[in-house]
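For reference, the chains in residue letters:
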Amino acid sequence: MPRQLGELEDAVMTRVWQWNRPVTVREVLEDLQKERSIAYTTVMTVMDNLHQKGWVRREVEGRAYRYTAVSTRAAYSAALMNEAWSTSDNPAAALVAFFGMMSAEQREALEDAMRVVQRTDPPAEPAAEAEPAPEPAGEAAGEPAAEPAAPPAEAAGDPEGPGR
């Protein structure tokens, strides 16, 4: 299960997710410096830590690395929500409390998401590719099933079978 990102890790990952392309430490540094004073080595360490934790992959380009997000921000948020929900001793009550905290806009987003999930859920019936088992003659019309066939030994005229 994912751990929540720290403040600086989140600030770095936010840029990686928003830009949605391979980024360098220098690019992230320059963007972060618009908001705060931060050293190149600090950003480099954070990005290396994110790589070691599996949040980003990196490829060498010249003398630098280019970092790419391994998953989306939505997947990260979903994993955090799932982890928090699964630790509850009463998941239904936790959901009710969570829904009660939602704004009208969030509830609308939830309803939209549920419609998407319901459209993509596979039907509860067996897969269409599977051939149904043939029905014995007469059963489809509501008639009783025919008696089972004789065991192979009787069918072959076994002298020890019935009638002998």
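Look a little higher up for the structure.
Remember, it's a predicted structure, so these values are computed and weren't measured experimentally.

**Brief notes about the environment of threonine 68**
Mapping threonine 68 onto the fold places it in strand β2 (residues 64–69). In this structure, the C-alpha to C-alpha distance between threonine 68 and arginine 58, residues 10 residues apart in sequence, is 6.3 Å. Leaving out residues up to four positions away in the same chain, threonine 68 has contacts with Val16, Pro22, Trp55, Val56 and Arg57.

**Section: a nonpolar patch on the surface**
A cluster of nonpolar residues, Met81, Phe98 and Phe99, forms a patch on the protein surface that exposes about 280 Å² of accessible area. Structurally, methionine 81 is set in helix α4 (residues 73–86). On the accessibility criterion, methionine 81 (47% relative accessible area) is partly exposed.

**Observations regarding the packing of aromatic side chains**
Applying the stated criterion to the full structure yields four aromatic pairs. Considering the side-chain rings of tryptophan 55 and tyrosine 76, the 5.1 Å spacing of their centres and the 85° angle between planes classify their relative orientation as edge-to-face. Linking tryptophan 55 in the loop between α3 (40–52) and β1 (56–61) with tyrosine 76 in helix α4, this pair joins segments that are 21 residues apart in sequence. For the pair tryptophan 55 and tyrosine 76, one class covers both residues: buried. Seen in terms of ring centroids, phenylalanine 98 and phenylalanine 99 are 6.2 Å apart; in terms of plane orientation they differ by 50°. Their pairing is tilted. Here the aromatic residues Trp17, Trp55 and Tyr76 are joined through ring pairs into a cluster of three or more.

**Details of the nonpolar core**
Val12, Met13, Val43, Met47 and Leu50 are the most contacted members of the largest nonpolar core, which has 21 residues in total. Of all the secondary-structure elements, those providing two or more residues to this core are α1 (7–19), α2 (25–32), α3 and β2. Apart from residues lying up to four places away in sequence, valine 43 is in contact with Val25, Val28, Leu29, Leu32 and Ile38.

**Side note on the pairing of β1**
Each regular strand shows side chains that alternate between the opposite faces of the sheet. By the bridge criterion, six bridges tie β1 to β2 in an arrangement that is antiparallel. Each bridged residue has a counterpart across the sheet, and for valine 56 the counterpart in β2 is alanine 69. The hairpin turn running from β1 into β2, its antiparallel successor, is two residues long, and glycine 62 in that turn takes a positive phi close to 65°.

**Considerations on the pattern of salt bridges**
Per the stated rule, a full pass over the model turns up 10 salt bridges. Between aspartate 10 and arginine 73 there is a salt bridge; the shortest N-O distance is 3.0 Å. Within this pair, whereas aspartate 10 is found in helix α1, its partner arginine 73 is found in helix α4, the two being separated by 63 residues in sequence. Where glutamate 27 meets arginine 21, a salt bridge forms, and the shortest distance between an N and an O atom there is 3.1 Å. A relative accessible area of 35% means that arginine 21 is categorised as partly exposed. Connected through salt bridges with shared partners, the residues Arg15, Asp31, Lys34 and Glu35 form a single ionic network.

Quick notes on the rules
- Residues numbered from 1 in each chain as written.
- Predicted model: local features only at pLDDT ≥ 70, side-chain atom pairs only at ≥ 80, totals over all residues.
- Heavy atoms only, no water.
- Helix = DSSP H or I, 4+ residues; strand = E, 2+ residues; numbered from the N terminus.
- Contact = heavy atoms within 4.5 Å.
- Patch = residues over 30% accessible without salt bridge, like charges linked within 9 Å, V, L, I, M, F, W, Y side chains within 5 Å.
- Areas by Shrake-Rupley, 256 points an atom, 1.4 Å probe, with all protein chains shown as cover.
- Salt bridge = Lys/Arg side-chain N within 4 Å of Asp/Glu carboxyl O.
- Buried < 20%, exposed > 50% of the residue type's maximum accessible area, 1.4 Å probe, protein only.
- Phe/Tyr/Trp six-rings, centres within 6.5 Å; stacked < 30°, edge-to-face > 60°.
- Core = buried A, V, L, I, M, F, W, Y, C linked by side-chain atoms within 4.5 Å.
- Pairing = 2+ DSSP bridges.

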